[in-house]
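# Results of the structural survey
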Amino acid sequence: MSQKLTILIVEDEAALVTLLRYNLERDGYRVVEARDGEEALIVADEETPDLILLDWALPNLSGIEVCRRLRARSETRNTPIIMLTARGEETDRIRGLDTGADDYVVKPFSMTEMLARLRAVLRRIRPALADETLIFGDIAIDRAAHRVKRSGRDVHLGPTEYRLLDHLIQHPGRVFSREQLLDAVWGSDVYVEARTVDVHIGRLRKALIANGERDPIRTVRSAGYSLDEHLKAAG
Ligand code: CA
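## A word on the coordination of the calcium ion
Here the calcium ion is held by D12 (OD), D55 (OD) and A57 (O), and the distances to it run 2.1 to 2.4 Å. Written as a sequence motif, the donor arrangement for the calcium ion is D-x42-D-x1-A. You can see D12 sitting in the loop between β1 (6–10) and α1 (14–26) and its partner A57 sitting in the loop between β3 (51–55) and α3 (63–72), a full 45 residues away along the chain.

Now the structure itself:
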């Protein structure tokens with residue numbers, strides 16, 4: 001199994017948050033939440049969600065302004081956003097899509113519809129999530145068999161190195177801090193030292209370049225790690 005996808009719910013209506021959280025968790029997603037626009041921007045930075053459910057009418061900062069700011073940041077520029085709007089806000093909906101939302105759902109909505117729309121957006125925006133094989137340059141992950149190949153040769157990885165590579169390959173070019181990688185790969189409820197990430201990145205790197213290939217992992221000093229996008233272009 002790959003790790004859970006993280007959904008950020010930005011909504012000030014507590015009852016709706018509870019209902020969404022219950023249904024999303026039952027479907028296997030990890031859920032984080034924010035109650036207003038300011039908090040949404042902070043949580044989006046800390047948690048790097050895979051998708052954001054963003055309420056239109058929020059205290060302090062409107063949903064549309066939050067959407068605009070998320071799109072202006074490199075970390076969240078490509079994160080799928082579904083706006084939650086009230087019935088009859090047609091012009092608002094259009095503005096929402098103009099600002100960079102990927103879809104919108106009109107309240108009140110059925111949970112079945114919401115979950116279907118969410119899966120559709122994830123498939124459309126990040127087809128890699130639905131694929132059994134992930135390709136990055138000359139690296140291929142067969143997720144069904146848990147096998148990794150580089151230029152056709154088998155790369156033998158431990159389970160942690162495998163999950164690290166799987167996570168990085170889903171977000172090419174994005175820089176992850178050690179803490180973010182710990183949360184994504186080990187889980188936020190496990191206590192592991194940040195340095196452990198360096199050890200496993202070291203092993204992953206060693207396995208990937210065993211035949212003298214180019215190092216696909218970029219170390220960003222004092223920030224973390226990312227997959228080198230140049231490799232994708234070259235492969
Ligand atoms: Ca609201």
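## A closer look at the pattern of salt bridges
Under the counting rule described, the total for this entry stands at 21 salt bridges. Between D45 and R73 there is a salt bridge; the shortest N-O distance is 3.2 Å. Placement of the pair is D45 in helix α2 (residues 37–47) and R73 in the loop between α3 and β4 (81–86), with a sequence separation of 28 residues. Residue class for D45 comes out partly exposed when judged on its relative accessible area of 36%.

## As for the nonpolar core
By size, the foremost hydrophobic cluster in this structure holds 27 residues, and its most contacted members are L165 and I169. Residue assignment for this core shows that the elements contributing at least two residues are β6 (133–136), β7 (139–142), α6 (159–170), α7 (178–186), α8 (194–208) and β11 (224–227). Residues in contact with I169, not counting those within four places in the same chain, are L134, F136, I139, I141 and L227. Membership of the second largest hydrophobic core comes to 21 residues, among which are V105, M114, V121 and L122.

## Quick notes on the packing of α1 against helix α5 (residues 111–125)
Angle between the axes and distance between the axes: these two values describe a pair of packed helices. At their nearest, the axes of α1 and α5 sit 11 Å apart, and the two run at 60° to each other. What the angle tells us is that α1 and α5 run oblique. Note on packing geometry: the crossing formed by α1 with α5 is right-handed. Facing L16, L19, L20, N23 and L24 of α1, the residues of α5 in contact are M111, M114, L115 and L118. A per-class count over the contact of α1 with α5 returns eight nonpolar, one polar and no charged.

## A look at α2
Three or four residues apart is the spacing at which side chains of an α-helix point the same way, because the helix has 3.6 residues per turn. Buried residues of α2: G37, A40, L41, V43 and A44, and no others. At its buried positions, α2 is contacted by β1, β2 (30–34) and α3. Near the N-terminus of α2, the side chain that reaches the backbone nitrogen of E38, with its oxygen 3.1 Å away, is that of D36. Downstream of α2 by one or two residues, T48 has phi in the positive range, about 35°.

## Overview of the sheet that holds strand β5 (residues 103–107)
In space, the five strands of this open sheet follow the order β2-β1-β3-β4-β5, with parallel pairing throughout. Edge positions in the sheet fall to β2 and β5, since each of these pairs with one other strand and no more. When strand polarity is set aside, the average angle formed by the axes of neighbouring strands in this sheet is 20°. Sheet analysis places β3 next to β4, joined by four bridges and oriented parallel.

Here is what the cut-offs are and how they apply
Residues numbered from 1 in each chain as written. Predicted model: local features only at pLDDT ≥ 70, side-chain atom pairs only at ≥ 80, totals over all residues. Heavy atoms only, no water. Donors = N, O, S within 2.8 Å, 3.2 Å for Na, K, Ca; no water. Helix = DSSP H or I, 4+ residues; strand = E, 2+ residues; numbered from the N terminus. Salt bridge = Lys/Arg side-chain N within 4 Å of Asp/Glu carboxyl O. Buried < 20%, exposed > 50% of the residue type's maximum accessible area, 1.4 Å probe, protein only. Core = buried A, V, L, I, M, F, W, Y, C linked by side-chain atoms within 4.5 Å. Contact = heavy atoms within 4.5 Å. Axes fitted to C-alpha atoms, helices over the stretch in contact; angles between N-to-C directions. Parallel < 35°, antiparallel > 145°, perpendicular 65-115°, else oblique. Left-handed = near helix turned anticlockwise from the far one by under 90°. Nonpolar A, V, L, I, M, F, W, Y, C, P; charged D, E, K, R; others polar. Polar contact = N/O pair within 3.5 Å; in protein donor to acceptor, adjacent residues only side chain to side chain. Pairing = 2+ DSSP bridges.

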